[in-house]
Amino acid sequence: MSGLPEHDVPDEVETDDWALAVRGSVDRPRTFDAADLAALPTETFAEDFDCEAGWTAEGLSWRGVRVGDLLDCVDPTPESRFALVHAMDGDYACAFPLDRLESAVLALELDGEPLPREHGGPARLVPTGDGDCWESVKWVAAIELTADRPDDTAREIALGRVE
């Protein structure tokens, strides 16, 4: 299907009643379910995925919702400058400058099919442009906006899995 290696799905990942919380320094915190996301504009783009472990999955076709469109629904406060994207598999979270996160896509499909759980479904963050593989957060559960750059765990956890 995609060329992405499959990894075990952690026990904490429960996708049956999945919803995405967008909270923190926003005027209207909100939880989006699959129907809410389906009502937003989507886009499709193709991109190679390079991993620190030394492999590349070429020409992946992602389809999803631009994070900037999600943020428009919650009205970030003027002091919002950063965001922490939380995965549902425990402590994994990745920090982003808000302006960079706005251009990322919350992928719901991979290669024309619903995003499989093994690859981060039901929703995986796919940053556009240059970035590191650990920024592609699988099983996204929450996006928390903040005024100051939050501490994150993504790089440490991801590289710990590779080494």
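In the block above lies the structure referred to throughout.
A quick note: this is a predicted structure, and the numbers were derived from the prediction, not measured.

(A) Examining the overall build of the protein chain more closely. Each helix and strand counted, the protein chain has four helices and ten strands in total. Going from N to C terminus, the protein chain has its helices and strands arranged as β-β-α-β-β-α-β-β-α-β-β-β-β-α. For a compact globule of 163 residues, the expected C-alpha radius of gyration is about 15 Å, and the protein chain comes in at 15 Å, within 12% of that figure. Over its C-alpha atoms, taken along the principal directions, the protein chain stretches across nearly 40 × 35 × 30 Å. Each of the 163 residues in the protein chain was classed as buried or not, and the buried ones make up 46%. A separation of at least 24 residues holds for 68% of the contacts in the protein chain among residues at least 6 apart in sequence. Accessible surface computed for the protein chain: about 8200 Å², of which carbon and sulfur atoms make up 43%. Of the charged side chains in the protein chain, 13 are positive and 37 negative, and the gap between their average positions amounts to 3 Å.

(B) Up close: the sheet that holds strand E10 (residues 140–146). Strand order in the open sheet formed by five strands is E2-E1-E10-E5-E6, and the pairing between neighbours is mixed. Strands at the two margins of the open sheet, each flanked by one partner only, are strand E2 (30–32) and strand E6 (93–97). Taken over all neighbouring pairs, the strand axes of this sheet differ in orientation by 20° on average, direction set aside. Across six bridges, the pairing between strand E5 (residues 82–87) and E10 is antiparallel. The partner of Phe82 across the bridge, within E10, is Thr146.

(C) Representation of the pairing of strand E4 (residues 56–66). Relative to E4, strand E3 (residues 43–50) runs antiparallel, the two being bridged by seven bridges. Residue pairing across strands places Phe45 opposite Trp62, the latter belonging to E4. Counted between consecutive antiparallel strands, the loop separating E3 from E4 contains five residues, among which Gly54 sits at a positive phi close to 105°. Bridge analysis of E4 against strand E7 (residues 105–110) gives five bridges, and the strand direction is antiparallel.

(D) Seen up close, the nonpolar core. Residues Leu20, Phe32, Leu101, Leu125 and Ile143 are the most contacted members of the largest nonpolar core, which totals 35 residues. Mapped by element, the contributors of at least two residues to this core are strand E1 (20–24), helix H2 (67–72), E5, E6, helix H3 (98–101), E10 and helix H4 (154–162). Setting aside residues up to four positions removed in sequence, Leu125 forms contacts with Val67, Val85, Phe96, Leu101, Ala104, Val105, Leu106, Glu135, Ser136, Val137 and Val140.

Reading guide: rules and limits
Residues numbered from 1 in each chain as written. Predicted model: local features only at pLDDT ≥ 70, side-chain atom pairs only at ≥ 80, totals over all residues. Heavy atoms only, no water. Helix = DSSP H or I, 4+ residues; strand = E, 2+ residues; numbered from the N terminus. Rg over C-alpha atoms; globule rule 2.2 N^0.38 Å. Buried < 20%, exposed > 50% of the residue type's maximum accessible area, 1.4 Å probe, protein only. Contact = heavy atoms within 4.5 Å. Areas by Shrake-Rupley, 256 points an atom, 1.4 Å probe, with all protein chains shown as cover. Lys, Arg positive; Asp, Glu negative; His and termini not counted. Charge placed at Lys NZ, Arg CZ, Asp CG, Glu CD. Pairing = 2+ DSSP bridges. Axes fitted to C-alpha atoms, helices over the stretch in contact; angles between N-to-C directions. Core = buried A, V, L, I, M, F, W, Y, C linked by side-chain atoms within 4.5 Å.

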